[in-house]
Each structure stands twice: as structure tokens, then as C-alpha cells.
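Understanding the architecture of this molecule
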Amino acid sequence: MQQRQTVAVGMVGCGFYAQNHLHAWADLRPEGAILAAVCDMDPERAKAAGVKFGVPHFSRIEAMLEAVPLDLLDIATRMDTHRPLAAIAAERGIAAIVQKPFAPTWEDCIAIVEKARQHNAWLAVHENFRFSTSMRAVKKVLAQGTIGTPRWARLSWRTGFDVYRGQPYLAEEEKLVIQDVGIHILDLARFFLGEVERLSCETQKRNPKIRAEDTATIMMRHTSGAVSVVEATYAARRGDDPFPETLLEIEGDEGSLILSKGEKLTVTTQGLTFEDHVGGPLLHWTSRPWHVSQEAVLHTNRHMFERFRLGLAADTSGEDNLKTYALVEAAYEAAASHASVKPRAHVT
């Protein structure tokens with residue numbers, strides 16, 4: 001298969017978090033990823049992004065696709081728009097990256113995957129936590145067998161940061177912390193420990209001003225026999241808030257590792273302990289504390305671009321992300337039923 005020299009990228013959605021995608025694509029231009037056009041249903045927002053990044057701007061995706069030849073669409077819009085936008089891409093044979101959460105329901109997720117398959121269109125989900133520098137460092141330690149086989153883990157994302165200020169719509173969502181940020185942590189649990197056999201979950205709504213759950217505690221039994229605890233909350237009250245970092249500890253049969261605030265990795269093996277800072281550097285467009293998430297976007301976009309250019313599936317392909325989404329769905333079912341739930345599988 002001949003490798004593409006350049007890839008023309010269209011950005012759909014130019015809002016709050018999409019700015020990180022735009023900057024990342026601009027940084028990847030020397031590598032062959034060419035941001036060619038932007039689109040947002042808000043004409044002023046689309047214009048601002050177009051002017052800032054020096055590309056044509058549109059308020060309708062159809063107009064953008066008719067005017068600019070594109071290879072790849074990066075869809076960073078509200079999840080209720082993902083299914084129709086991904087369908088437009090698939091029907092035109094254009095590859096698509098869909099921002100997480102994949103879609104509002106399991107049925108929507110399946111429909112997006114099946115539509116892409118029907119049209120032989122490349123599809124991936126922008127699940128970026130596993131691509132951060134610190135998480136890749138953790139994965140490397142595990143892959144090297146430094147702590148032996150992982151047997152137990154706790155993955156924690158706990159903050160009191162006002163997420164509603166930048167994304168006010170979150171306060172009105174019917175599902176919140178599991179679907180918005182817990183999905184990232186569940187994906188990390190899969191990334192480090194493998195697939196999940198069953199899970200249980202308890203949720204709480206600690207902020208009376210919001211509609212859905214803002215705290216979730218999930219326990220999972222992995223098919224490997226490992227057990228993990230996933231914690232996610234927007235209602236923490238901490239003096240030393242680690243936002244937006246994921247903190248974790250993993251115990252193996254020959255040692256352990258701990259990722260603490262400030263992206264400090266502590267590894268203990270054979271009675272010896274080693275410490276290292278495993279975070280990435282500030283980029284010219286990133287700032288603290290968001291840099292942890294921002295640099296992960298750059299690494300995710302690079303992975304997507306490289307895999308698409310080679311004609312290979314992304315690590316977080318649509319098919320793969322169904323396994324993470326199934327954990328989200330199972331967590332909500334377990335919280336409602338107060339029973340252990342087996343995640344459903346997608347049968348092709």
C-alpha cells in the first residue's frame with residue numbers, strides 16, 4: 001500500500017476544547033497533516049478559527065465538503081451530532097475522527113461503526129488520555145515487566161475545578177461524570193489491565209445545581225484476574241487539587257508503580273524504588289494546568305494521522321472504542337441496579 005504524502009484535514013467544531021485540536025493540527029503540518037478548512041454552526045466562531053489558522057471557514061459541513069477536497073474529518077462537536085456528521089463523512093468516503101464520548105447511546109455508537117464499515121471508511125475515536133506522555137510512560141513500565149503481572153490498580157480523577165464555567169452545558173446533561181470523564185479513566189483501565197469481565201458501580205450527585213451524577217466509584221474484574229477501582233468526581237474539595245491529572249497506582253506480583261500529582265512516577269521493584277518526572281514539556285500553545293490534556297491531543301492527532309496515512313486502524317478505532325463505551329453503559333446499569341454487570345460485546 002502506497003503511503004500518502006500529505007493528508008488534508010477538515011475540522012468540524014471550533015469551540016472550547018476544539019481549539020486544542022486546531023493547534024495540534026497546525027503543529028503537525030511539517031509532518032504532512034494539512035489543516036485545510038474549519039466548520040462550525042456558529043459563523044462567528046468558524047470565522048475566528050479560519051482567520052486564526054489561515055484556512056477557509058464554513059458554517060455548514062456540506063458547503064465545506066463541496067468547496068475543499070478533504071481526506072480526514074476531525075469531528076469535535078457535541079456528542080448528539082456525532083452520528084449524522086460521521087454518516088456524512090462515511091457516505092463520501094472520507095475518514096473520520098470522532099471526539100469522545102462516541103455518541104449518546106450504544107445504538108448510536110453501533111450505527112456509526114456499521115456505517116463506516118458499509119462504506120469502507122476509516123474511523124477512529126479521539127480518546128486521548130492513553131496518549132499522554134505520562135500514561136505512555138506507565139504503559140512502558142508495564143510492558144517491560146518491571147513490576148511483573150499487574151494484579152490490582154486504582155485510577156483516580158478527582159477535582160473540584162469548575163468544569164461548568166467553560167462547558168456550561170454539562171450541568172444539564174442526563175449523564176455526566178461517567179460519560180464525560182469516567183470514560184477516559186475506564187479506557188485507561190483497559191489500556192493497562194485488559195478487557196473487563198464484570199463491574200459494579202455507585203454514583204452520587206453532590207452538587208445540587210446540576211442534573212446528573214458528579215461522582216462515580218467503579219470496581220472491575222478484568223479477564224486477566226486483575227481488579228481495578230476507577231474513581232471520578234467533579235465534586236472533590238481538596239487543598240491540593242490535581243486537575244486535570246489522572247492519578248494511579250498499579251500493583252504487580254513483583255513490584256508497584258504510583259503516578260502522583262505533578263506527573264511523578266514512583267516505581268518499586270526488587271526492593272528498590274525509583275522516581276522520575278514523566279510529563280511532557282509545555283508547548284507554545286499550552287498552559288498550566290491544561291497542558292496535561294493539551295499535549296495528549298497533539299499525540300492523539302499524530303497517532304491518528306500516521307495510522308490513517310499508512311492505511312492502518314488506530315489504537316482507538318471505532319471498533320475498539322465500543323469496548324470502552326460498553327464499560328460506561330455497564331457502569332450506569334450497575335449503579336441503577338446495585339448489581340454486578342457484564343459489559344456487552346459488539347458482535348460483527
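Calculation rules
- Within each chain, residue numbers correspond to sequence positions counted from 1 in written order.
- Totals for whole chains, interfaces and linings use all residues, but because this is a predicted model, local features are given only for residues with pLDDT of at least 70 and pairs of side-chain atoms are given and counted only at 80 or more.
- With hydrogens and water excluded, all non-hydrogen atoms of the structure serve as input to the side-chain values.
- Runs of H or I in DSSP of at least four residues are treated as helices and runs of E of at least two as strands, each being numbered from the N terminus.
- Only the C-alpha atoms count toward the radius of gyration. The rule for a globule is 2.2 Å times the residue count to the power 0.38.
- Here, two residues are considered to be in contact whenever any of their heavy atoms come within 4.5 Å of each other.
- All accessible-area figures derive from a Shrake-Rupley calculation using a 1.4 Å probe, and residue coverage is judged against the displayed protein chains alone.
- Asp and Glu are treated as the negative residues and Lys and Arg as the positive ones, with His and the ends of the chain left uncounted.
- Here the site of a charge means atom NZ of a Lys, CZ of an Arg, CG of an Asp or CD of a Glu.
- Nine residue types can take part in a nonpolar core, namely buried Ala, Val, Leu, Ile, Met, Phe, Trp, Tyr and Cys, and a core is a set of them joined through side-chain atoms within 4.5 Å.
- Buried means the residue's accessible area, taken with a 1.4 Å probe over protein chains only, is under 20% of the maximum for its type, while exposed means over 50%, and partly exposed covers the values in between.
- A pair of cysteine sulfur atoms is labelled a disulfide when the two atoms are within 2.5 Å.
- We call two strands paired when DSSP finds no fewer than two bridges between them.

In this section: the overall build of the protein. Counting its regular elements, the protein contains 10 helices and 14 strands. Taken over C-alpha atoms, the radius of gyration comes to 20 Å for the protein, in line with the 20 Å a tight globule of 348 residues would show. If one aligns the C-alpha atoms of the protein with their principal axes, the spans along those axes are about 60 × 45 × 40 Å. Taking the contacts inside the protein whose residues are at least 6 apart along the sequence as the reference set, 70% of them involve residues at least 24 apart. Approximately 15,300 Å² of the protein is accessible, and the part contributed by carbon and sulfur atoms is 50%. Looking at the protein, you have 39 positive and 44 negative side-chain charges, and the mean spots of the two groups are 0 Å apart.

Turning our eyes to something else, we now look at the nonpolar core. Ranked by size, the top nonpolar core spans 89 residues in total, and within it L73, F102, F192 and L257 carry the most contacts. The element best represented in this core is helix α8 (residues 177-193), accounting for 11 residues. When near neighbours in sequence (up to four residues on either side) are disregarded, F192 contacts M135, V138, K139, L142, P150, L155, L248 and I250. Counting 29 residues, the second-largest nonpolar core is a separate cluster that includes C14, W122, A124 and F305.

If you trace the backbone, I183 turns up in helix α8. Measuring from C-alpha to C-alpha, the distance between I183 and N120 comes to 27 Å, with 63 residues separating the pair along the chain. Not counting chain neighbours up to four residues away, the residues in contact with I183 comprise K100, P101, E127, I178, T324, Y325 and V328.

Turning next to the state of the cysteines. One pass over the structure, following the stated rule, counts 0 disulfides. Cysteine C39 shares no disulfide, and the gap to the nearest cysteine sulfur, in C14, comes to 7.3 Å.

Before going further, it helps to spend a moment on the pairing of strand β10 (residues 227-233). β10 sits mainly inside the fold: 6 of its 7 residues count as buried. With 7 bridges connecting them, strand β9 (residues 215-222) and β10 associate as antiparallel partners. Residue pairing for β10: T215 is matched across the bridge by T233.

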